Amino acid sequence: MQGDLNFNQQPDGFDGYSAWHAQRAHAQQLLAHKLGVPLNRMVCVRLNDGMELTGVLRLKEELLFVDTLKPGEVELCIGRVAFKQSEIESCVVK
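If you're wondering where the values come from, they're calculated on a predicted model, not measured in any experiment.

Undergrad: Help me out: how do you make sense of the overall build of the chain in this one?
TA: Each helix and strand in the chain was counted, giving one helix and five strands. Starting at the N terminus and walking to the C terminus, you meet the elements of the chain as α-β-β-β-β-β. Burial status across the chain gives 27% buried among its 94 residues. Approximately 7100 Å² of the chain is accessible, and the part contributed by carbon and sulfur atoms is 52%.

See below:
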């Protein structure tokens, strides 16, 4: 019976994994807009304590449902340095 099911071919070229990635990217764009930060972009960030960081701004943890995050709970990172959005003094896209 299982041999009759073709899991490799999807109708109309539908690729669920690619669709999930597209939805995730869209959700991250919405979150970036909601937070007012340029996620996944090269930036120069100055934190409230005077530390300056340059690199790609990312979420600290890859989450399954980024659309459920609240602005006060979001942790960001550049490289291995993690910080909260509320700690950002300035952020400039390079």
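The rest of the description comes next.
Undergrad: What am I meant to see in unusual backbone geometry here?
TA: With glycine set apart, most residues show a phi of negative sign, and most peptide bonds adopt trans. At Asn40, a residue that is not glycine, the phi angle is positive and equals roughly 60 degrees. Inspection of the secondary structure assignment puts Asn40 in the loop between α1 (16–35) and β1 (42–47). The class of Asn40 is partly exposed, set by a relative accessible area of 40%.

Undergrad: Can you help me understand the pairing of strand β3 (residues 75–78) in this one?
TA: With three bridges connecting them, strand β2 (residues 52–59) and β3 associate as antiparallel partners. Pairing of Leu57 across the sheet is with Ile78, part of β3. The pairing of β3 with strand β4 (residues 81–84) spans four bridges and is classified as antiparallel. When the bridges of β4 are listed, Leu76 appears paired with Phe83.

Undergrad: Just to check I follow, could you spell out the side chain of Gln28 for this structure?
TA: One can find Gln28 in helix α1. Judged by relative accessible area, which is 13%, Gln28 ranks as buried. At 2.9 Å, the side chain of Gln28 and the side chain of Asn40 are in polar contact.

Criteria and thresholds
- Every residue gets a number counted from 1 within its own chain, in the order that chain's sequence is written.
- Given that this is a predicted model, residues contribute local features only at a pLDDT of at least 70 and side-chain atom pairs are listed and counted only at 80 or more, while totals for whole chains, interfaces and linings are drawn from all residues.
- Excluded from the side-chain calculations are hydrogens and water; all other atoms, namely the structure's heavy atoms, are used.
- In this description a helix means any DSSP run of H or I spanning at least four residues, a strand means any run of E spanning at least two, and both kinds are numbered starting from the N terminus.
- When accessible area is computed with a 1.4 Å probe and restricted to protein chains, residues below 20% of their type maximum are described as buried, those above 50% as exposed, and intermediate ones as partly exposed.
- For the accessible areas, the method is Shrake-Rupley and the probe is 1.4 Å, while residue cover comes only from the protein chains on display.
- One requirement defines pairing of two strands: DSSP has to find at least two bridges between them.
- Here a polar contact is recorded for every N or O atom pair within 3.5 Å, except that within protein the pair must consist of a potential hydrogen donor and a potential acceptor, and residues adjacent in sequence are included only if both atoms are side-chain atoms.

Taken by themselves, the reported measurements are silent on function.
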